[in-house]
Amino acid sequence: MLKITRFTCENLRNGCVTDERKPCFSFSLESDRENTALEVAEVSVNGWKARTKSQIAIPYEGAPLQPFTAYTAKVTATDTAGDSARASVSFETGRLGTPWQGQWISDGAYSFTEKRISPKPMTFRKIFSLEKRIVSAKIYATAMGIYELVLNGEKVGNEYFAPGFTSYKTHLQYQTYDVTDMLLQENTLVAAVGGGWAVGAFVFTRKNRISAKRQALLLELRVTYADGTEQVIGTDESWEVTEEGNYREADIYDGETYDATVDLSRIAWRPAALEKLRISPDIVAAYGAPVRAQEQLDPVSCNEVSGGLIYDFGQNFAGVVNLRIRGRAGQLITVKHAEILNPDGTLNTTFLRTAKACATYICRDGEQVYSPRLTYMGFRYVCITGIGKEELQVSAWALYSEIEKTGEFFCSNELVNRLQDNILWSSKSNFIDIPTDCPQRDERMGWTGDIAIFAPTACYNFDMSRFLGKWLLDVAAEQRPTGGIPNTVPAQGYGFPATMPTMAVDFWGDACVLVPWAEYCARGDKRLLKKCYPMMKKYVDACKFWAGLLSIGKHRYIWITPYMLHFGDWVAPDVPKMSEWQKRSKWTATASLRNTSGLVAKIADILGEKEDAKRYASLSEKVAGAYRALLSDGNGRMKKEFQTAYVLPLQFGIFKGREKEEAVKNLVRLVKKSDYCIGTGFPGTPYVLFALADNGYAEVAYRMLLNTKCPSWLYEVRMGATTIWERWDGLDEDGVCPIGEDGTDLMISYNHYASGAVGDFLYRRIAGIEAMEAGYKKFRISPVPGGDIRYARGSVETPYGRVSSDWRLEKDSFYITVEVPVGTACELKLPDGNVHILPSGKYSFEAKLS
């Protein structure tokens, strides 16, 4: 029997509202038969039909879609056995360029000139009557700032931080809400708008008013009546505004103050004023993954200390508290947040730097619930003052973007399983509308280097299509005229060196190539490569320019620029200072150019750009030759030795033959010298275990992976980590954070996913699942057993269906069961060297171990 397990419009199963004029549809199949594939599918919508053998990103090619219209797409799939299945998906068009009848409004009397803080939240109000019977009603809304809507006392929608964080000067999302069932004859619509990223204080310099001088709101309520007429109620000067609403303060870093004693019907309001923005972004139906409340966490303990009540949630995460309170009018409750505790049991807020991370609530009388809406924190612990625990029930919501979990991994080693959990939690904590570095301190910025190296791990664990697609639009929008990529995207107030007008920065800028490539490999949507291809070319050309500047011969391919403008082997634990990490940039940058130019050559070939493919492939080979000739002795030994200097050329195919064999031996020597501890920084950490295991030293790779000494992945786990740390030495053996003299000041985060890029090794080598063609149309399962791991299982939901690998060791035998989706092919390689080519189905095999 054939089933359609997933049918999407623009990668959404439901709730899609799009301004795409040619939306794309995708579907996956499941069958109880073996050796089946899609014979043909028919997709239809709006009178258009297409027969196809494709399952990914099938574009609509029919008559123009109309704005504000609901459509249903249908698919009928028939497999090679003659079985058929049907499915449908509904979607709506948004405005499709329809001019707004609403106008931008603000409080013209509010002059916000203070530095380093966020503005007072504005509250807007519209009171209106509806006399006729309503068929449907939709709100279309956006803001400069972040907004919350309440209609007739009920919250509208379930998103946080709308309209989202984008490169505001070019792109601004609007959201669509169906409020048909919320409207009455007499209505009150209230919008609270905080400064957010556009107007509020942002980055560690706390720059504000980056995109607008104050908050502004743009909204339309479009009502369709039973008699066929329509009414549009838009923002204009008939709306009212105040800064004396319930939200008294709101700041991404500092937190929120909410006064529940404020009665909006009793405070003073004044007419809103029309606002002219200083930027002119394209305002488009939301195309990212909205932030929503996900897991609810309950505290595992509560302790009373001199500073208040300390609640431990047992898990570090990003989100907000949820308090059920029995209070009295005017009672002031404060909630402070931190990732770790001091030895005396109080909150350690030192590493938050200037972020206050505090929620303040002023009670009304009686039972009430409070949870912040215009801010979020990164924390495991909270300290609550102003109330006794008998009057309080505490929980919390984990907040992150709506990314569907697609990957699983589990093995016989519980420390490795905890490492996988930590990878997942750090991902969630930093996927809050953009890929951030950390969720707690005065940063929370879109650092490109972190996601560049983490993207393969992210794309295994989650469906990142809409999340990364949105962010990559901003990367392209903010690319420098000469090709460089800002170190953080959106840069949003972060100046030099992030927005240097000319400079390209290795690995950080590489995100414009590595991230779309990882997403394409995972999901097979060629549209993303096409969109990003001009940006990729421009970036690699910029890298080549900087490598060749003032150089001759092979030196033209060694990327040497002032080290302080690069990050080099960032946070490498084998050298003590930031400047030493950066001085390794000659090695990291040159290897980066080899890799990115080679990948762009592959992408050019996929897109049919044959001349480009030849040009970038030639560049990649020339860079490899220069690396071998000028940075090594020609016999596989680096002139300056450190782990990353060997890892990158081994991973990127720079060394060949005998040179490669000697280079691996030299890497193994360094690893053994470090007692199997990590010595790599950001660039080398994702690849070090591959460099060992793929070149004959799997047991050395396992000893490094399973090491519990500092620095190592499992040292963090042994010390009680529930997320990935920014630095390997985040806590010493006594559980105390050492503040070193490495030039990083208070750069210590306990929720930083970058070194969690090791997840890629767990999935591709331990579970053994690896895409050979985009979207896993063809894939390999080739587990590499080692260490004390006696069994492992992994699975990933691909665009075609579920791929799984489940193996175990018993005495001298290896047993494995694999699952192959409809229409795909699996190359199964067993430890005894036997290879099986498998069509769709479920299979079990045994192999003898030597």
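Residues numbered from 1 in each chain as written. Predicted model: local features only at pLDDT ≥ 70, side-chain atom pairs only at ≥ 80, totals over all residues. Heavy atoms only, no water.

Caption draft 1: A look at the overall build of the protein. Looking only at helices and strands, one finds 14 helices and 44 strands in the protein. The globule rule puts the C-alpha radius of gyration for 850 residues at 29 Å, and the 28 Å found for the protein is close to it. If one aligns the C-alpha atoms of the protein with their principal axes, the spans along those axes are about 80 × 70 × 60 Å. Taken over 850 residues, the protein has a buried fraction of 61%. For the protein, long-range pairs separated by at least 24 residues make up 72% of all intrachain contacts whose partners lie at least 6 apart in sequence. Entry remark: accessible area of the protein is about 31,500 Å², with carbon and sulfur atoms responsible for 48%. Computed over 100 positive and 102 negative side-chain charges, the inter-centroid distance for the protein is 5 Å. (Helix = DSSP H or I, 4+ residues; strand = E, 2+ residues; numbered from the N terminus. Rg over C-alpha atoms; globule rule 2.2 N^0.38 Å. Buried < 20%, exposed > 50% of the residue type's maximum accessible area, 1.4 Å probe, protein only. Contact = heavy atoms within 4.5 Å. Areas by Shrake-Rupley, 256 points an atom, 1.4 Å probe, with all protein chains shown as cover. Lys, Arg positive; Asp, Glu negative; His and termini not counted. Charge placed at Lys NZ, Arg CZ, Asp CG, Glu CD.)

Caption draft 2: Seen up close, the pattern of salt bridges. Throughout the structure, instances matching the rule amount to 63 salt bridges. The shortest N-O distance in the salt bridge between Arg-615 and Asp-612 comes to 3.8 Å. You can see Arg-615 and its partner Asp-612 sitting in helix α8 (residues 610–631), three residues apart, about one turn around the helix. Judged by its relative accessible area of 40%, Arg-615 falls in the partly exposed class. (Salt bridge = Lys/Arg side-chain N within 4 Å of Asp/Glu carboxyl O.)

Caption draft 3: Broad picture of the sheet that holds strand β6 (residues 58–59). If you walk across this open sheet you meet the three strands as β1-β3-β6, and the pairing is antiparallel. Each end of this open sheet is capped by a strand with a single partner; those strands are β1 (2–9) and β6. Relative to strand β3 (residues 24–31), β1 is paired through seven bridges, and the arrangement is antiparallel. If you follow Phe-7 over to β3, its bridge partner there is Phe-27. (Pairing = 2+ DSSP bridges.)

Caption draft 4: Main features of the packing of aromatic side chains. Inspection of every chain in the model, using the stated rule, returns 47 aromatic pairs. Aromatic side chains Tyr-258 and Tyr-361 sit 6.1 Å apart centroid to centroid with 10° between the ring planes, which places their arrangement in the stacked category. Taken together, the positions of Tyr-258 in strand β20 (residues 255–259) and Tyr-361 in strand β30 (residues 358–362) put the pair 103 residues apart, joining distant regions of the chain. Taking the centre distance of 5.7 Å and the plane angle of 80° together, the rings of Trp-713 and Trp-728 count as edge-to-face. In this pair, Trp-713 is assigned in helix α13 (residues 713–718) and Trp-728 in the loop between α13 and α14 (759–766), connecting sequence segments 15 residues apart. Trp-728 matches Trp-713 in its accessibility class, with the two residues each being buried. Of note, Lys-428 hangs over the ring of Trp-425, and the distance from its end group to the ring centre comes to 4.6 Å. When the ring centre of Tyr-616 is taken as reference, the NZ or CZ atom of Arg-615 above it lies at 4.3 Å. (Phe/Tyr/Trp six-rings, centres within 6.5 Å; stacked < 30°, edge-to-face > 60°. Lys NZ or Arg CZ within 6 Å of the ring centre and 35° of its normal.)

Caption draft 5: Examining the nonpolar core more closely. Core analysis: the biggest nonpolar cluster contains 243 residues, and Met-144, Val-179, Ile-384, Phe-431, Leu-705, Trp-713 and Ile-766 have the highest contact counts within it. With 12 residues, helix α5 (residues 526–548) is the largest single contributor of residues to this core. Not counting residues within four places of it along the chain, the set of residues in contact with Phe-431 comprises Tyr-400, Ser-401, Ile-403, Ile-451, Phe-454, Ala-458, Phe-462, Met-464, Phe-467 and Tyr-753. Within the second largest apolar cluster, 26 residues are counted, among which are Leu-38, Ala-41, Ala-50 and Ala-85. (Core = buried A, V, L, I, M, F, W, Y, C linked by side-chain atoms within 4.5 Å.)

Caption draft 6: A look at the sheet that holds strand β42 (residues 825–829). The strand order β37-β38-β42-β43 describes an open sheet built from four strands, whose pairing is mixed. Edge positions in the open sheet fall to β37 (769–771) and β43 (835–838), since each of these has one partner strand only. Geometrically, the sheet is characterised by an average inter-axis angle of 20° between neighbouring strands, direction not taken into account. Pairing of strand β38 (residues 778–781) with β42 involves four bridges; the strand directions are parallel. Paired with Arg-780 across the bridge in β42 is Glu-827. (Axes fitted to C-alpha atoms, helices over the stretch in contact; angles between N-to-C directions.)

Caption draft 7: Spatial organisation of the pairing of strand β7 (residues 70–79). Alternating positions in β7 separate cleanly, Tyr-71, Ala-73, Val-75, Ala-77 and Asp-79 being buried on one face and Ala-70, Thr-72, Lys-74, Thr-76 and Thr-78 remaining unburied on the opposite face. Across six bridges, the pairing between strand β4 (residues 38–45) and β7 is antiparallel. If you follow Val-40 over to β7, its bridge partner there is Thr-78. With antiparallel pairing between neighbouring strands as the criterion, β7 and strand β8 (residues 84–93) make up a hairpin whose turn holds four residues, including Gly-82 at a positive phi of roughly 90°.

Caption draft 8: Inspection of unusual backbone geometry at higher detail. Residue Pro-163 is reached from Ala-162 by a cis peptide bond, and omega for that bond is 10°. Inspection of the secondary structure assignment puts Pro-163 in the loop between β13 (154–155) and β14 (171–178). In this model, Cys-710 is joined to Pro-711 through a cis peptide bond whose omega is 5°. Unlike most non-glycine residues, Asn-35 shows phi in positive territory, near 60°. Among the secondary structure elements, Asn-35 is positioned in the loop between β3 and β4. Backbone geometry places Asn-152, a non-glycine residue, at a positive phi of 50°.

Caption draft 9: Here's a closer look at the packing of helix α3 (residues 465–478) against α5. The N-to-C vectors of α3 and α5 enclose an angle of 20°; their axes lie 10 Å apart at closest approach. By the angle class used here, α3 and α5 are roughly parallel. Judged by the sense of rotation from one axis to the other, the crossing of α3 with α5 is left-handed. Each of Gly-469, Leu-472, Val-475 and Ala-476 in α3 lies in contact with α5, whose residues at this interface are Leu-528, Cys-532 and Met-535. Along the lines of polarity and charge, the residues of the contact of α3 with α5 split into six nonpolar, one polar and no charged. (Parallel < 35°, antiparallel > 145°, perpendicular 65-115°, else oblique. Left-handed = near helix turned anticlockwise from the far one by under 90°. Nonpolar A, V, L, I, M, F, W, Y, C, P; charged D, E, K, R; others polar.)

Caption draft 10: Region of the structure containing helix α4 (residues 511–523). Taking 1.5 Å of rise per residue, 13 residues should cover 18 Å, and α4 covers 18 Å from first to last C-alpha, within 8% of that figure. Extensive coverage of α4 is indicated by the burial of 12 of its 13 residues. Within α4, burial applies to Ala-511, Cys-512, Val-513, Leu-514, Val-515, Pro-516, Trp-517, Ala-518, Glu-519, Tyr-520, Ala-522 and Arg-523. Residues of α4 that are buried in the fold lie against α2 (448–461), α3, α5 and α7 (585–606). A positive phi of about 70° marks Gly-524, the residue just after α4. (Expected span 1.5 Å × (residues − 1).)

Caption draft 11: How the structure looks around empty space enclosed by the protein. Under the definition given, this model contains three cavities of 30 Å³ or more. Estimated volume of the largest cavity: approximately 90 Å³. Along the wall of the largest cavity there are 13 residues; nearest its centre are Val-571, Phe-682, Glu-726, Ala-754 and Ser-755. Looking at side-chain class alone, the lining of the largest cavity contains six nonpolar, five polar and two charged residues. Computed from the structure, the second largest cavity encloses a volume of approximately 50 Å³. In terms of lining residues, the second largest cavity is bounded by Glu-339, Ile-340, Asn-348, Phe-351, Leu-352, Gln-440, Ile-748 and Tyr-750. (1 Å grid on protein atoms, 1.4 Å probe; cavity = no way out; pocket = protein on both sides within 12 Å on 5 of 7 lines; lining within 4 Å. Points joined across faces, edges and corners; volume = space filled by probe spheres on them.)

Caption draft 12: View of the side chain of His-566. For His-566, the position within the fold is in the loop between α5 and α6 (578–582). A relative accessible area of 1% means that His-566 is categorised as buried. Within the structure, His-566 has its side chain in polar contact with the side chain of Asp-506 (distance 2.5 Å). Beyond its immediate stretch of four places on either side in the chain, His-566 contacts Met-503, Ala-504, Val-505, Asp-506, Trp-559, Thr-561, Gln-582, Ser-585 and Ala-589. (Polar contact = N/O pair within 3.5 Å; in protein donor to acceptor, adjacent residues only side chain to side chain.)

Caption draft 13: Examining the pairing of strand β16 (residues 216–225) more closely. Counting buried positions over the 10 residues of β16 gives nine, a clear majority of the element. As paired elements, strand β11 (residues 134–144) and β16 share 10 bridges and run antiparallel to each other. The residue of β16 that forms the bridge with Ala-137 is Val-223. Examined bridge by bridge, β16 and strand β17 (residues 230–234) share five bridges and lie antiparallel to one another. If you follow Thr-224 over to β17, its bridge partner there is Glu-230. Between β16 and β17, which follow one another and run antiparallel, lie four residues, and Gly-228 among them has a positive phi close to 90°.

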